[in-house]
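These are the residues of each chain, in order.
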Amino acid sequence: QKRIFSGIQPTGAIHLGNYLGAISQWVKLQNNNEEVVLSIVDLHSMTLRHDPKQLSENILHMTATLLGCGINPDKVTLFQQSTVPEHTQLCWCLSCICTMPRLAHLPQYKEKSKDLKDIPLGLFIYPVLQAADILAYKATHVPVGEDQVQQIQLAQDLARMFNSRFGNTFPEPHTLITGTEFARLRSLRDPQKKMSKSDPDPKSRICMTDNPDEIVRNIKKAVTDFTSEVTYDLEKRPGVSNLISIHSFVTNKSIEEICLEAENMNTGKYKLMVAEAVVSYLKPIQDQIQQYYSDPGYLMQVLQDGKVKARNICSSNLEEVEYKLGLRINI
Ligand code: TYM
């Protein structure tokens, strides 16, 4: 049985990388009538110093954002991670089979901890909680952007280790990645880097909630190169190719079609065309997000219903884990 699980951190506004790499995949899978479970992973958002008031606002905002992007709570299970205690329970069980060196090698941990004097334990075991998120649902597929691949490999390894020690329990979850250019959308300021929420320069990204002026400004300032033609070559011309990828997504046109259309344009003029296309693509989504966000009662109800559905799936899985581990006494 196929079951899809994914998660997103409630850290402020999402950017086009999150949308193209992950959320739009989720909407497609939902519309193909797959079984999709989506978690707003609030516990993952407190591994570095956080502002509690901001976090609770962000949880509601993320709910509105996902709905505005087309997630339908009648079709998928959409819930807040911390309301389903099975995640942290399973995290503990998995942390007893996961080793410290295995976690210390993970690139996201290295990146996030490198400037910290005192590293919180939660940051270190973050990927174990992520594995628990996935395995608690016995998920078979995990649609994410490229930056998550190594963390999902940990979930695969832990599933395998658990199964071999305690008997077959978890399917090994497969990673689902969209076409290469969307799986790692690049920063507008440095096309060698991915577009990221944590980049201090807001001009490096397009957020779903940016207004038209901000979108035009950021795309106009996007770093390209010294060639003025518009051609696609992700390796040699990552900056302009990144813009072409975004353009292709929001217009639903192929890369060839776009390059043909922009044949007589220089990159400066082309950027304005991309910006215009992004602004008009985002407008209806932004309106929807705004509308959902203005109804917190409805959002709370969605999360409440989602929690019940989520627990319905994972509580029996946790029971099975507890039996296998000898935590439940059989007489
Ligand atoms: P998060 O919240 O950082 O990102 C959410 C999703 O957006 C994708 N993404 C990108 N895709 C393409 N290009 C980019 N520049 C880009 N930036 C971000 C991410 O790959 C992700 O799919 N650890 C996870 C949350 C998580 C999770 C899970 C995911 C917790 N438990 C279980 C899957 C399954 C994270 O921080 O994603």
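From a predicted model like this one, the values you see are computed outputs, not experimental measurements.

Scoring rules and cut-offs
Residues numbered from 1 in each chain as written. Predicted model: local features only at pLDDT ≥ 70, side-chain atom pairs only at ≥ 80, totals over all residues. Heavy atoms only, no water. Core = buried A, V, L, I, M, F, W, Y, C linked by side-chain atoms within 4.5 Å. Buried < 20%, exposed > 50% of the residue type's maximum accessible area, 1.4 Å probe, protein only. Helix = DSSP H or I, 4+ residues; strand = E, 2+ residues; numbered from the N terminus. Contact = heavy atoms within 4.5 Å. Near = heavy atom within 4 Å. Polar contact = N/O pair within 3.5 Å; in protein donor to acceptor, adjacent residues only side chain to side chain. Nonpolar A, V, L, I, M, F, W, Y, C, P; charged D, E, K, R; others polar. Pairing = 2+ DSSP bridges. Right-handed = clockwise from strand over helix to strand, strands pointing away. Axes fitted to C-alpha atoms, helices over the stretch in contact; angles between N-to-C directions. Parallel < 35°, antiparallel > 145°, perpendicular 65-115°, else oblique. Left-handed = near helix turned anticlockwise from the far one by under 90°. Phe/Tyr/Trp six-rings, centres within 6.5 Å; stacked < 30°, edge-to-face > 60°.

Undergrad: What exactly am I supposed to notice about the nonpolar core here?
TA: General note: in soluble globular proteins, nonpolar side chains tend to be found buried as a group. Core analysis: the biggest nonpolar cluster contains 58 residues, and Leu16 and Val278 have the highest contact counts within it. Considering every element that reaches this core, the biggest residue donor is helix H12 (residues 267-293), with 9 residues. Apart from residues no more than four positions distant in its own chain, Leu16 is found in contact with Gly21, Leu185, Met195, Ile206, Met208, Ile246, Val278 and Leu282. The next biggest cluster of nonpolar side chains, apart from the first, holds 38 residues, and it includes Leu106, Phe124, Ala310 and Val321.

Undergrad: Sorry if this is basic, but what is going on with the site of the ligand here?
TA: Taken together, 29 residues are adjacent to the ligand, and Gln9, Tyr126, Asp133, Gly145 and Asp147 come closest. Between the ligand and Asn18 there is a distance of 3.0 Å, counted from an oxygen atom to a side-chain nitrogen or oxygen. At 2.9 Å from a nitrogen atom of the ligand is found a main-chain nitrogen or oxygen belonging to Leu185. Put simply, the parts of the chain that give the shell around the ligand at least two residues each are strand E1 (4-8), helix H1 (16-31), helix H6 (121-135) and helix H8 (180-183). Taken together, the residues of the shell around the ligand break down into 12 nonpolar, 12 polar and 5 charged.

Undergrad: Help me understand the pairing of E1 in this model?
TA: On any regular strand, side chains alternate: one points to one face of the sheet, the next to the other face. Burial analysis of E1 places 4 of its 5 residues in the buried class, which makes it a mostly covered element. Bridge count for E1 against strand E2 (residues 36-40) is 5 bridges, and the pairing is parallel. Each residue of the ladder has a partner; that of Ser6, found in E2, is Leu38. A crossover connection joins E1 to the parallel E2 through H1; in handedness this β-α-β unit is right-handed.

Undergrad: Mind showing me how you'd approach the packing of helix H3 (residues 86-95) against helix H13 (residues 296-325) here?
TA: Two quantities define a packed helix pair, namely the angle between the axes and the distance from one axis to the other. The contact between H3 and H13 brings their axes to 10 Å, and the two run at 25°. The orientation of H3 relative to H13 falls into the category roughly parallel. The crossing of H3 and H13 is left-handed. Where H3 abuts H13, its residues Glu86, Gln89, Leu90 and Cys93 lie against Arg311, Cys314, Ser315, Leu318, Val321, Glu322 and Leu325. Looking at the contact of H3 with H13 residue by residue, the classes come out as 6 nonpolar, 2 polar and 3 charged.

Undergrad: What is the right way to read unusual backbone geometry from this model?
TA: The phi angle of most residues is negative, glycine excepted, and most peptide bonds adopt the trans form. With a phi angle near 65°, Asn33 is a residue other than glycine that sits in the positive phi range. Position of Asn33 among the secondary structure elements: in the loop between H1 and E2. Phi is positive for Lys138, which is not a glycine, with a value near 50°. Relative to the assigned elements, Lys138 resides in the loop between H6 and strand E4 (141-143).

Undergrad: Looking at this structure, how should I read the packing of aromatic side chains?
TA: Here the distance between the centres and the angle between the planes together describe a pair of aromatic rings. Scanning all chains against the criterion turns up 10 aromatic pairs. When the ring of Tyr109 is compared with that of Phe124, the centres are 5.0 Å apart and the planes differ by 70°; the resulting orientation is edge-to-face. On the criterion of sequence distance, the pair formed by Tyr109 in helix H5 (residues 107-113) and Phe124 in helix H6 is long-range, its members being 15 residues apart. For the pair formed by Tyr109 and Phe124, the shared burial category is buried. Taking 5.0 Å as the distance between ring centres and 50° as the angle between the ring planes, the aromatic pair formed by Phe162 and Phe166 counts as tilted. Taken together, the residues span about one helical turn, with Phe162 and Phe166 both in helix H7 (residues 149-166) at a distance of 4 residues. Phe162 sits in the buried class, given a relative accessible area of 0%. With relative accessibility at 26%, the residue Phe166 sits in the partly exposed group.

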